[in-house]
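Reading the structure
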Amino acid sequence: MAGLTVAHRVAMTALIEQAPDAMLGTLTAAIGGLKGERVGELKALLAEASLDRARRRTVLAPLIPMFRPRADFVEGVTFPAQVLRRLWKLAAAREPHLLPRLDKKGPDQTAVADRICLAASAAVRDRPDEVWPPSVDAAARERGLAELAACLDLAHIARRGLPSIEIWLKRPDADQIAELRLLLKDSAAVRADGAQRVLEILFAHLDDAVLILRIVTQTSGSSGREGFLSASELAGFVERLIVGVDARVARIAAFKPGDDNAGVDPVIEDLIWCSNVLNELDMTLTLNPLSVWGKSVRDGRATIAGQLSAFLRAADRSVEKALPLERVQIVGRMTRKAPLLSAPVQGESVQAVRHLLKLVGAVRGPASIFGAESDRKKLVESLTGRLADYADQALSMINDGEAEDETNALRLVELAARCLDLIDAKDAARTVRRRAAVAGAPNGDPNPSSRAA
C-alpha cells in the first residue's frame, strides 16, 4: 500500500497543528489498533506532534495560561492563542540542537527551557510579523508584542516561583516570604517593571483571581495597608477585582427569575464569586471606609445584601404563585384553603419558583457573608413545612377523588417535591414522592405516579 502523498502529509500536518492537546490524544488512541503504511506514517506524525507539544509545555510553562482568556473574565495580560504556535515554532528553530535535552527532567532541562525562552524573546523583537500577524488594531498589537517580549525576558524567574505558589497562598513562614521577596527583587533587576510582570504571570496561573491578594500582601510588610498598596504598581490587582464585583452586581440586579432565557446558575456563581472576593478583601487588606476602594467595597456589599434579601422575599411569593391555594367550602359558610389542583405546571410562575428556590438552596455561604443567613434559614424552614403540607393536602384530595385532572394534580405534587429538593429538604421530598407513588390507586390505576412523569 502506498504511503501518504506530499499533499496528504501537508494537510495532515496542518490539521494536527491546529488540534487541541485533548484531541491529539484521542486521535492517537483511535488509530492505535489500525495497521498499514499510511496509518504508520500518521502515527509517526502524531507522535512527533505530541513530543513537540510536550517540549512546548516545558519551555513555555510560565506563560501558557496567558494564551487563553481568564475563565472568570477578570482583566489580565493575555495573548492570542495562535501566537503560541507561531512563537514556539520560531523559538524552537533557533535552538534545534537543544530540543532533545528537554525530554528528561532535571536541572539541564530547566536551563535549556530558560535559554529557549530568551530565544523566543529575541524572535518577538526581531520577527514580530511572523509571531503576531498585523491586525486592524495596530496599537493593541504593538502593546501585546511588547508585553510578550517582556514576559519572556522574565520567564526564567517566574519558572522558579511556580512550585511555590501553593505555599504562598496558605501560611508561608518567614523563609518562604523571603523567597517571594527575593524573587521579585531579582525580577526588578531584569526590568524596572519586572516585579509587577512576574506577579502578572503568577496571576495567570490562579483560577481564582482573588487569591492574588494573598501573594501581593506578602511582597512587603506594608502591603496589607491600603495607603501603601493603592500608591504602588500593584494597585491594579485590587482595582480589577473591584471592577469584577461591580460587573457581577449589575448582572445580579438584572436577573429576572421568570424569564425562560435567564438561567439562575450564572447568578449563583456571581453571588459566590462576589462573596469570596469581598471576604478576601476584608481579610487581606485594611481598607479605609472613606477611600475609593473602601466605598466601592461597601457599596458592593450593601447592593448584594439588598438584592439577596429581595431574592428571598421573591422566593417566598413565588411558591404561592406556582402552587396556589383556593378557598373551598367545608360546612355551611365555613371555608378553608386547599391546593388549586387545576393550576398549570408550566409557565413563568413555575420557572420563577424553580430558579428562586435553587438560588435559596445554593447561597448558604454568600448569605452568611452578607448577613442574610438567618433569614434564609427561616425561609427554608417555613417553606419546608408549607410545601410538605401542600403535598399532603393535594394527595388527600387525589385519594378522595376530588381532583378533576388527576395527572395534573400529581404533577403539582411532583413540583412540590422538586421544590423541596431545591431547598435541600431531601427527607421531606422523599416522603412526598413515596406517598405520590400510591396516590389514586383506588380509582383504578395501579401506578398513578407514571401519569405525573
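Rules and cut-offs
Residues numbered from 1 in each chain as written. Predicted model: local features only at pLDDT ≥ 70, side-chain atom pairs only at ≥ 80, totals over all residues. Heavy atoms only, no water. Phe/Tyr/Trp six-rings, centres within 6.5 Å; stacked < 30°, edge-to-face > 60°. Helix = DSSP H or I, 4+ residues; strand = E, 2+ residues; numbered from the N terminus. Buried < 20%, exposed > 50% of the residue type's maximum accessible area, 1.4 Å probe, protein only. Lys NZ or Arg CZ within 6 Å of the ring centre and 35° of its normal. Salt bridge = Lys/Arg side-chain N within 4 Å of Asp/Glu carboxyl O. Expected span 1.5 Å × (residues − 1). Contact = heavy atoms within 4.5 Å.

Further remarks concern the packing of aromatic side chains. Both the distance between ring centres and the angle between the ring planes are used here to describe each pair of aromatic rings. Per the counting criterion, the structure on display carries four aromatic pairs. Residues Phe79 and Trp132 carry aromatic rings whose centres are separated by 6.5 Å and whose planes lie at 85 degrees to one another, so their mutual orientation is edge-to-face. Of this pair, Phe79 sits in the loop between helix 3 (37–59) and helix 4 (81–94) while Trp132 sits in the loop between helix 6 (128–131) and helix 7 (138–153), and the two are 53 residues apart along the sequence. Seen from their ring centres, Phe255 and Phe311 are 5.8 Å apart, and the 80 degrees between their planes marks the pair as edge-to-face. Remark: Phe311 occurs in helix 16 (residues 292–322) and Phe255 occurs in the loop between helix 14 (235–253) and helix 15 (265–284); sequence separation between them is 56 residues. One exposure class covers both Phe255 and Phe311, and it is buried. Connected via pairs of aromatic rings, a cluster forms that spans Phe67, Phe79 and Trp132. Over the ring of Phe203 we find Arg70, and its NZ or CZ is 4.2 Å from the ring centre. Between the NZ or CZ atom of Arg248 and the centre of the ring of Trp273, over which it lies, the distance is 3.7 Å.

Here the focus is the pattern of salt bridges. Taken as a whole, this structure holds 29 salt bridges when the rule is applied. With a closest N to O distance of 2.7 Å, Asp392 and Arg435 form a salt bridge. Of this pair, Asp392 sits in helix 19 (residues 373–399) while Arg435 sits in helix 21 (residues 426–437); the two residues are 43 residues apart in sequence, bridging distant segments of the chain. The partly exposed category is assigned to Asp392, whose relative accessible area is 34%. Salt bridges here are not isolated pairs; linked through shared partners, they connect Arg125, Glu147, Asp153, Arg191, Asp193 and Arg197.

Quick look at helix 7 now. Taking 1.5 Å of rise per residue, 16 residues should cover 22 Å, and helix 7 covers 23 Å from first to last C-alpha, within 8% of that figure. Here helix 7 has its buried residues at Arg141, Gly144, Leu145, Leu148, Ala149, Ala150, Cys151, Leu152 and Asp153.

Locating Ser275 in the fold gives a position in helix 15. Dropping the residues within four chain positions of it, Ser275 is found in contact with Pro366, Ile369 and Phe370.

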